[in-house]
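As a plain string of letters, each chain reads:
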Amino acid sequence: HFCTCLERMVRGREGGTLTTSCEYSPGWESYRKWWCRGKNWNSCKILVKTTGSEKLVKKGRASIQENRSRRIFTVTLEDLRREDADTYWCGIERTGNDLGYKFSIVVDP
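In this report, the structure presented in the accompanying data block is examined. (Residues numbered from 1 in each chain as written. Predicted model: local features only at pLDDT ≥ 70, side-chain atom pairs only at ≥ 80, totals over all residues. Heavy atoms only, no water.)

To continue, consider the nonpolar core. Residues Trp35, Ile64, Phe73, Tyr88, Cys90, Phe103 and Ile105 are the most contacted members of the largest nonpolar core, which totals 23 residues. In terms of residue count, the dominant contributor to this core is strand β10 (residues 99-108) (5 residues). (Core = buried A, V, L, I, M, F, W, Y, C linked by side-chain atoms within 4.5 Å. Buried < 20%, exposed > 50% of the residue type's maximum accessible area, 1.4 Å probe, protein only. Helix = DSSP H or I, 4+ residues; strand = E, 2+ residues; numbered from the N terminus.)

Now the structure itself:
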């Protein structure tokens, strides 16, 4: 796999903060990374994407940050809500079809 989420299912508590990381293979360091929500890869809604640097990018309650030397990017969702429970993808933007890996978020009361 070019990119794998370290856990296939991530749990968090309502009101809390949830963080998970996605690893990728050598060669993808300079590409933009993103994470999105939705059962279908083709129609999932991108929550936030990197700018091509290691800066933290935050959009609403979602954020993403890359560590190129470790070839990993971390996605975070703050102030978890029950309705955040869903299927998510972390991916790499490239020409043609993007690459992605599916994981699910479970929100405990």
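Back to the write-up after that little detour.
Turning our attention to the state of the cysteines. What the rule picks out here adds up to 2 disulfides. Two residues, Cys36 and Cys44, share a disulfide whose sulfurs are 1.9 Å apart. Sign of the S-S torsion, about -70 degrees for the bond between Cys36 and Cys44, identifies this disulfide as left-handed. Taken individually, Cys36 and Cys44 each receive the classification buried, so the pair is uniform in this respect. Listing the disulfide partners of the chain by sequence rank of the bonded cysteines yields 1-4, 2-3. (Disulfide = S-S within 2.5 Å.)

The next point concerns the sheet that holds strand β5 (residues 45-49). Strands belonging to one sheet form pairs held by backbone hydrogen bonds; the direction of such a pair is parallel or antiparallel. Across the sheet, 5 strands lie side by side as β2-β10-β9-β4-β5; this open sheet has mixed pairing. Single-partner strands in this sheet number two, and they are β2 (9-13) and β5. Across the sheet, the mean angle separating the axes of adjacent strands is 30 degrees when strand polarity is ignored. As judged from the 5 bridges shared by strand β4 (residues 33-37) and strand β9 (residues 86-92), these two strands associate in the antiparallel manner. Its bridge partner being in β9, Trp34 is matched across the sheet by Gly91. (Pairing = 2+ DSSP bridges. Axes fitted to C-alpha atoms, helices over the stretch in contact; angles between N-to-C directions.)

Here we come to the environment of Glu29. You can see Glu29 is positioned in the loop between β3 (18-24) and β4. In this structure the C-alpha to C-alpha distance between Glu29 and Arg8, which are 21 residues apart in sequence, comes to 22 Å. Beyond its immediate chain neighbours, meaning those up to four positions away, Glu29 contacts Tyr24, Glu66, Arg68 and Arg71. Among the polar contacts made by the side chain of Glu29, one reaches the main-chain amide nitrogen of Gly27 at a distance of 2.8 Å. (Contact = heavy atoms within 4.5 Å. Polar contact = N/O pair within 3.5 Å; in protein donor to acceptor, adjacent residues only side chain to side chain.)

A few words now on the side chain of Ser21. Mapped onto the secondary structure, Ser21 falls in strand β3. In this structure the side chain of Ser21 is engaged in a polar contact, spanning 3.2 Å, whose partner is the side chain of Thr74.

A large share of β4 lies buried, amounting to 4 of its 5 residues. Pairing of β4 with β5 involves 4 bridges; the strand directions are antiparallel. Within β5, the position partnered with Trp35 by the bridge is Val48.

Before going further, it helps to spend a moment on the pairing of β3. Burial of β3 is extensive: 5 of the 7 residues sit out of reach of the surface. Relative to strand β8 (residues 72-77), β3 is paired through 6 bridges, and the arrangement is antiparallel. Bridge pairing links Glu23 to Ile72 in β8.

What follows deals with unusual backbone geometry. Positive phi, normally seen in glycine, also occurs at Arg71, with a value near 50 degrees. In this fold, Arg71 is placed in the loop between β7 (62-67) and β8. With phi around 50 degrees, Asp79 is a residue other than glycine that occupies positive phi space.

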